[in-house]
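Tertiary structure, described
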Amino acid sequence: MADSNVDDRPICAQCGARGSQTPPVAVVLVFLEQMPEGYPLIPSAPYPLCEAEGRRGEPCESIMVFIESAIRAHVETSRAGEWSAAVICFGSATRLPWLVKRPLAHALARA
Ligand SMILES: [Zn+2]
């Protein structure tokens, strides 16, 4: 018999938060050096994002991991230079899109 007190919500692989997930991403519009008008990428499988915040209110690093892996997964965007911003739209009419700007520290870490 299953224990109804067991918390079986998913755990974020990046920050370890449990159960704080968005609806799956419907599309992410990425802005890159050579694509300043933006380029839409659609996940090939349902991909919810962690919406937990760190102690100082910073977003979970899994959002950056998602954006960068989406860019790398497509030939057009993987060759279009560094990204500067992304708009993430979710598969839910009640969830507003997220605007993610690439932090300078993140850009420097990859340089
Ligand atoms: Zn997380």
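Throughout what follows, the structure given in this document is the object of discussion. (Residues numbered from 1 in each chain as written. Predicted model: local features only at pLDDT ≥ 70, side-chain atom pairs only at ≥ 80, totals over all residues.)

This brings us to the overall build of the protein. Looking only at helices and strands, one finds three helices and four strands in the protein. Its helices and strands taken in sequence order, the protein reads β-β-α-α-β-β-α from the N to the C terminus. Every one of the 111 residues in the protein was classed for burial, and the buried ones make up 13%. For the protein, the share of sequence-separated contacts (at least 6 apart) that also reach a separation of at least 24 residues comes to 62%. (Helix = DSSP H or I, 4+ residues; strand = E, 2+ residues; numbered from the N terminus. Buried ≥ 20, exposed ≤ 12 C-beta atoms within 10 Å, placed from the backbone. Contact = placed C-beta atoms within 7 Å.)

With that settled, consider the pairing of strand S2 (residues 35-41). Within a regular strand, side chains alternate between the sheet's two faces. Pairing analysis gives four bridges linking strand S1 (residues 25-32) to S2, with the strands arranged antiparallel. Each bridged residue has a counterpart across the sheet, and for Val30 the counterpart in S2 is Tyr39. Here S1 folds back onto S2 in antiparallel fashion, the turn holding two residues. (Pairing = 2+ DSSP bridges.)

Moving on: the environment of His74. One can find His74 in the loop between helix H1 (62-72) and helix H2 (75-78). Taking C-alpha positions, His74 is 8.2 Å from Leu41, a pair spaced 33 residues apart along the chain.

To continue, consider the nonpolar core. Nonpolar side chains in soluble globular proteins tend to be buried together. Residues Val28, Val30, Ile67, Ala70, Ile71, Trp83 and Ala86 are the most contacted members of the largest nonpolar core, which totals 14 residues. Those elements that provide at least two residues to this core are S1, H1 and strand S3 (83-90). What Val28 contacts, discounting residues up to four positions off in sequence, is Leu41, Ile67, Ala70, Ala86 and Ile88. (Core = buried A, V, L, I, M, F, W, Y, C linked by C-beta atoms within 7 Å.)

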